[in-house]
Amino acid sequence: MPGTIQHEFDTAARDAGFADWDAMADAVRDATPPEEGEAMWQRVLTSPGMRPGRISSATADDMAALVRAVWRNEAGPAEACSNLRRMMGQQRLTRKIATGFGPEVLVTSKSGTVPGGVSNDVGVVTFPDGRRYAIAVLTRSLTPGAPTREDVLGTAARMALDHLRADGTSRSR
């Protein structure tokens, strides 16, 4: 159905010469030698269907700004922002950013994954001293079909926030 993420995936796969996303995923998975699968995946990544502007896309700054606006009740009615914060706080299936922090740090986030190598997480990290930071970590695997380890996203988030906290910078207050 047009407008759905499945439609976007299928369009990108068709642009790269496959019947649909599932056919592309099967071909990449079953490719021998593996370099053939990598070449297929690169064809999909560079297809017109994957170009920014053609599909839904946002930068890490865009996503962090959105999360900041939600936390400040600026993204919509206060009740809607509150509901979104509550729902993000209830996410339990993936804890990508959270892997970079101990239990004393509250991480409220929402992740997203595109099968085949995209793994993202956006949210707010609140430290015991009350300082909080909006953060977005967006990744794409250079190896087709290789899963992104969640701890890599958490480490990237922790390193970025360690740097901001060390120089006293905060854009999320």
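Placed above this text is the structure.
First things first, this report covers the structure right here in the doc. (Residues numbered from 1 in each chain as written. Predicted model: local features only at pLDDT ≥ 70, side-chain atom pairs only at ≥ 80, totals over all residues. Heavy atoms only, no water.)

1. A few points about the overall build of the protein chain
Then step 1. Within the protein chain, the regular secondary structure consists of 6 helices and 3 strands.
Then step 2. Reading the secondary structure of the protein chain in the N-to-C direction produces α-α-α-α-α-β-β-β-α.
Then step 3. By residue count, 35% of the 173 residues in the protein chain fall in the buried class.
Then step 4. Counting every atom, the protein chain has about 9,800 Å² of accessible surface; 55% of that belongs to carbon and sulfur. (Helix = DSSP H or I, 4+ residues; strand = E, 2+ residues; numbered from the N terminus. Buried < 20%, exposed > 50% of the residue type's maximum accessible area, 1.4 Å probe, protein only. Areas by Shrake-Rupley, 256 points an atom, 1.4 Å probe, with all protein chains shown as cover.)

2. Looking at the pattern of salt bridges
Then step 1. Using the criterion set out here, one finds 5 salt bridges in the structure.
Then step 2. Close ionic contact of Asp 26 with Arg 29 constitutes a salt bridge, the shortest N to O distance being 3.1 Å. Taken together, the positions of Asp 26 and Arg 29, both in helix 2 (residues 21–30) and 3 residues apart, correspond to about one turn of that helix.
Then step 3. Residue Arg 29 is classed as exposed on the basis of its relative accessible area of 57%.
Then step 4. The residue Asp 129 makes a salt bridge to Arg 131 at a minimum N-O spacing of 3.9 Å.
Then step 5. Accessibility expressed as a relative area gives 46% for Asp 129, which makes it partly exposed.
Then step 6. Where salt bridges share partners, they join Asp 26, Arg 29 and Asp 30 into one cluster. (Salt bridge = Lys/Arg side-chain N within 4 Å of Asp/Glu carboxyl O.)

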